[in-house]
Amino acid sequence: MAICETCGNDYDMAFEVHAQGAVHTFDCFQCAIEAMAPICEHCGTKVIGHGVQSGEHWFCCAHCAREEGTQGLVDRVKAGASA
């Protein structure tokens, strides 16, 4: 049994996440996301996908990055369209 570092649940199917030299223990993905996902600096949502990064700043999407003044980031460009 291992104790989840987010909620404190002592769970027999807990798992470890190894990241940046540290080991974290969680009982579910929800707790892992709550503890480890970066937060979009524009809208405040948890970035659980790829997200976008501009320097040291994290955003959930290119739209949010643009709203904060970042230039040149796009989420998806339709084939044949210009960015």
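Residues numbered from 1 in each chain as written. Predicted model: local features only at pLDDT ≥ 70, side-chain atom pairs only at ≥ 80, totals over all residues. Heavy atoms only, no water.

### Quick word on the overall build of the protein chain
(1) Moving on: A tally of helices and strands in the protein chain yields two helices and six strands.
(2) Moving on: N-terminal to C-terminal, the α/β element order of the protein chain is β-β-β-β-α-β-β-α.
(3) Moving on: Taken against the 2.2 N^0.38 rule, which gives 12 Å for 83 residues, the C-alpha radius of gyration of the protein chain at 17 Å runs more than 25% over that of a compact globule.
(4) Moving on: By principal-axis analysis of the C-alpha atoms, the protein chain measures approximately 55 × 25 × 25 Å.
(5) Moving on: Within the protein chain, the fraction of its 83 residues that count as buried is 20%.
(6) Moving on: Relative to all contacts within the protein chain whose residues are 6 or more apart in sequence, the contacts with residues 24 or more apart total 8%.
(7) Moving on: Of the roughly 6,000 Å² that the protein chain leaves accessible, carbon and sulfur atoms contribute 50%.
(8) Moving on: Averaging the coordinates of the 4 positive side-chain charges in the protein chain and doing the same for the 11 negative ones gives two points 20 Å apart. (Helix = DSSP H or I, 4+ residues; strand = E, 2+ residues; numbered from the N terminus. Rg over C-alpha atoms; globule rule 2.2 N^0.38 Å. Buried < 20%, exposed > 50% of the residue type's maximum accessible area, 1.4 Å probe, protein only. Contact = heavy atoms within 4.5 Å. Areas by Shrake-Rupley, 256 points an atom, 1.4 Å probe, with all protein chains shown as cover. Lys, Arg positive; Asp, Glu negative; His and termini not counted. Charge placed at Lys NZ, Arg CZ, Asp CG, Glu CD.)

### Focus on the pairing of strand 3 (residues 15-19)
(1) Moving on: Both strand 3 and strand 4 (residues 22-26) contribute to a ladder of five bridges, which runs antiparallel. Bridging from a neighbouring strand, F15 pairs with F26 of strand 4.
(2) Moving on: Count of turn residues in the strand 3/strand 4 antiparallel hairpin: two residues, of which Q20 carries a positive phi of about 50°. (Pairing = 2+ DSSP bridges.)

### Considering a nonpolar patch on the surface
(1) Moving on: Together, F29, I33 and I48 line one region of the surface with nonpolar side chains, adding up to about 340 Å² of accessible area.
(2) Moving on: Position of F29 relative to the elements: it lies in helix 1 (residues 29-36).
(3) Moving on: Judged by its relative accessible area of 65%, F29 falls in the exposed class. (Patch = residues over 30% accessible without salt bridge, like charges linked within 9 Å, V, L, I, M, F, W, Y side chains within 5 Å. Salt bridge = Lys/Arg side-chain N within 4 Å of Asp/Glu carboxyl O.)

### Some points on the pattern of salt bridges
(1) Moving on: Counted under the stated rule, the structure contains one salt bridge.
(2) Moving on: For K46, the salt bridge is made with E34, and the minimal N-O distance between the two is 3.9 Å. Highlighted residues: K46 in the loop between helix 1 and strand 5 (52-54) and E34 in helix 1, separated in sequence by 12 residues.

### Brief notes about unusual backbone geometry
(1) Moving on: In this structure, Q20 takes a positive phi of about 50° despite not being glycine.
(2) Moving on: Considering the arrangement of structural elements, one finds Q20 in the loop between strand 3 and strand 4.
(3) Moving on: Judged by its relative accessible area of 87%, Q20 falls in the exposed class.

### Things to note about the nonpolar core
In globular proteins that are soluble, nonpolar side chains generally tend to be buried together.
(1) Moving on: C40, V47, V52, F59, C61, C64 and A65 form the largest nonpolar core, which has seven residues in total.
(2) Moving on: In contact with V52, other than residues within four places in its own chain, are H57, W58, F59, C61, A62, A65, L73 and D75. (Core = buried A, V, L, I, M, F, W, Y, C linked by side-chain atoms within 4.5 Å.)

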